[in-house]
Amino acid sequence: MRPVELCWNITSYISTIVQLIATGVCFGVFVLPYMRGIDKAIKAGGVYGVVMTVLYIIPPQIDNILAYFIGTTVAFAVMYVEDRQNINQKIFLSVTFFMLRWLSASMAGIIDRFLDIILFNSEIAAMAWLHYGLYVIARIVDILFCSLLLLLSIYAVNRAYEYKNRYMGRKELLMLVVPSLLGIVGYMVFHFYQVTSEMTGFYDVLCFIYYLVSIVAILVVIVIFQNWKSLQEEQSGQELLENQINNIKMHIKEVEKLYGDLRAMRHDMGNHIQMIEHLMSSDNSSEAFAYLGRLKNEWQELAPEIRTGNPVTDMIFLEKGKEAQMRGIRFECDFRYPENTKLDVFDVCIILYNALDNCLESVNGEKPYVKVHAFRNNSIFMLIISNSFKGRLRIDPAEGIPYTVKKNGEHGIGLKNMRRVAKKYMGDLSFEQNGDEVTVGIMLQIV
């Protein structure tokens, strides 16, 4: 073998490995916004690059599409092991990258063939080393252009897909992967006719346009999905808010009934006193004490155990306290409704409902508890709610609230409703974890 031929073979071999490694880097860049930690994305991309390189180096070589399918599957397995939440989204990422890689490489290959026609002719082919030098330049340009197209496609998809930390259902997965699957099928059809018929020229242009349209189709479907998801979330948030308002109205009716019962009891208090005096004067002390006992029980049923300074918040804490008691959760309340402010009780109730629901939902441990503490410092009103929690609190860095864990997304909607109310009073939410305790702080400016 002549030296120039040996250089050609070595260059082809090394350039292919470099391109596979570059593809692995692109895979890591693609999944990074969806993985909870840069190390997990690096592992997924690194494993992808290593697997593809090993499949290329170790004989017998297998079909390219099968090799890339194996590499993508192994990378998906790494993502699954590192983070087993939102599996459908990881399937979407794997399928989409598989398609983006093939389409971007095919587009780069078409451009590369046009460059070959321009650069390599019979006169240049006669000059072996010049021919080799142009080949090296062409391979470098091909790798850079292929990587650039892939990165641009990745950037476009990641930019279009805003709900990176939201749960993806099966129907949503099916909707999002259809363009990728159609793109792969179209690629295989075009590639088959190109190989069997040796079509070039205008056929290459048609292929390039189809591949580009396939990538655009993914972006269009993602945008449609985003709009649908946004509308669905808005409707769910509105329904959740309406339900909470209805609950507050129900509590207001309970308060009105309670006040009516208290007024009736106060009206009858004179009769009760006369009856007790009559029983005592008749030496019927046992009946008098029994009568007092019934009167005491009736009073305890009417009088709230928690007094916050507002009858509506009294009822909310009583309801959540009873729920906690039934579930064996210790419930402590040190809350006083701020007086002489423009604070709307409906807004306070929205915060309390969502915060207490989230705490009672996530509380765990051997001795579970929920604590509520509130204080006022001039114009600042602070509400601090803590609960026992064994695990790791995961905060979404983009939104500053815990990641959504419910499939229907209500958990995230409730937190957003809390933040919306806090913003209304020029405040905000904060979340922190100290050991086995999670605390949410709500700050409001009330003057």
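Residues numbered from 1 in each chain as written. Predicted model: local features only at pLDDT ≥ 70, side-chain atom pairs only at ≥ 80, totals over all residues. Heavy atoms only, no water.

1. With respect to the pattern of salt bridges
Working step 1: Under the criterion given, the structure shown has 12 salt bridges.
Working step 2: For lysine 320, the salt bridge identified is with glutamate 323, shortest N-O distance 3.9 Å. Of this pair, lysine 320 and glutamate 323 both sit in helix α10 (residues 311-326), three residues apart, roughly one helical turn.
Working step 3: Classification of glutamate 323 by relative accessible area gives partly exposed; the value is 30%.
Working step 4: A salt bridge links aspartate 428 to lysine 423, with the shortest nitrogen-to-oxygen separation between them at 3.5 Å.
Working step 5: Relative accessible area serves as the criterion here: at 27%, aspartate 428 is assigned to the partly exposed category.
Working step 6: Of the residues examined, lysine 423 reaches a relative accessible area of 48% and is grouped as partly exposed.
Working step 7: Linked by salt bridges that have partners in common, Glu319, Lys320, Glu323, Arg327 and Asp357 make up one network. (Salt bridge = Lys/Arg side-chain N within 4 Å of Asp/Glu carboxyl O. Helix = DSSP H or I, 4+ residues; strand = E, 2+ residues; numbered from the N terminus. Buried < 20%, exposed > 50% of the residue type's maximum accessible area, 1.4 Å probe, protein only.)

2. Here we look at the environment of leucine 182
Working step 1: With respect to the secondary-structure elements, leucine 182 resides in helix α7 (residues 170-197).
Working step 2: For leucine 182, a relative accessible area of 54% puts it in the exposed group.
Working step 3: With 83 residues separating them in the primary sequence, leucine 182 and methionine 99 have C-alpha atoms 9.3 Å apart.

3. Looking at the packing of aromatic side chains
Working step 1: Summed over the entire model, instances satisfying the criterion amount to 15 aromatic pairs.
Working step 2: Aromatic side chains phenylalanine 27 and tyrosine 48 sit 5.2 Å apart centroid to centroid with 5° between the ring planes, which places their arrangement in the stacked category. Here phenylalanine 27, found in helix α1 (residues 3-31), pairs with tyrosine 48, found in helix α2 (residues 38-57); they are 21 residues apart in sequence, far enough to count as distant.
Working step 3: Look at phenylalanine 27 and you get buried, because its relative accessible area is 0%.
Working step 4: Of the aromatic side chains, those joined through ring pairs into one cluster are Phe27, Phe30, Tyr34, Tyr48, Phe92, Phe97, Tyr161, Phe225 and Trp228. (Phe/Tyr/Trp six-rings, centres within 6.5 Å; stacked < 30°, edge-to-face > 60°.)

4. Digging into the packing of α2 against helix α3 (residues 64-82)
Working step 1: Contact geometry for α2 and α3: axes closest at 9 Å, N-to-C directions at 155°. Considering their axes alone, α2 and α3 lie roughly antiparallel with respect to each other. Once α2 is placed against α3, the crossing between them reads as right-handed. Here Lys40, Lys43, Ala44, Val47, Tyr48, Val51, Met52 and Leu55 of α2 come into contact with α3, specifically with Ala67, Tyr68, Ile70, Gly71, Thr72, Val74, Ala75, Val78, Met79 and Glu82.
Working step 2: Of the residues assigned to the contact of α2 with α3, the class counts are 13 nonpolar, two polar and three charged. (Axes fitted to C-alpha atoms, helices over the stretch in contact; angles between N-to-C directions. Parallel < 35°, antiparallel > 145°, perpendicular 65-115°, else oblique. Left-handed = near helix turned anticlockwise from the far one by under 90°. Contact = heavy atoms within 4.5 Å. Nonpolar A, V, L, I, M, F, W, Y, C, P; charged D, E, K, R; others polar.)

5. Description of the environment of glycine 441
Working step 1: Here glycine 441 shows up in strand β5 (residues 437-445).
Working step 2: According to the relative accessible area criterion, glycine 441 is buried, its value standing at 9%.
Working step 3: With 57 residues separating them along the chain, glycine 441 and isoleucine 384 place their C-alpha atoms 4.6 Å apart.
Working step 4: Excluding anything up to four places from it in sequence, glycine 441 contacts Leu383, Asp428, Leu429 and Ser430.

6. Comments concerning the side chain of serine 388
Working step 1: Along the chain, serine 388 turns up in strand β3 (residues 380-388).
Working step 2: Under the relative-accessibility criterion, serine 388 is labelled buried at 6%.
Working step 3: Within polar-contact distance, the side chain of serine 388 engages the backbone oxygen of asparagine 364 at 2.7 Å.
Working step 4: Side-chain polar atoms of serine 388 contact the backbone nitrogen of tyrosine 369, separated by 3.2 Å. (Polar contact = N/O pair within 3.5 Å; in protein donor to acceptor, adjacent residues only side chain to side chain.)

7. Structural notes on the nonpolar core
Working step 1: Counting residues in each nonpolar core, the largest one holds 53 residues, and the members touching the most others are Val31 and Phe92.
Working step 2: Listing elements by their share of this core, those giving two or more residues are α1, α2, α3, α4 (87-119), α6 (128-160), α7 and α8 (202-281).
Working step 3: Among the elements that take part in this core, α4 stands out by supplying 12 residues, more than any other.
Working step 4: Residues contacting valine 31, with those up to four places away along its chain left out, are Ala41, Ala44, Met79 and Leu93.
Working step 5: Ile350, Ile351, Cys359 and Ile446 belong to the second-largest nonpolar core, a separate cluster that totals 39 residues. (Core = buried A, V, L, I, M, F, W, Y, C linked by side-chain atoms within 4.5 Å.)

On their own, these measurements won't tell you what the molecule is for.
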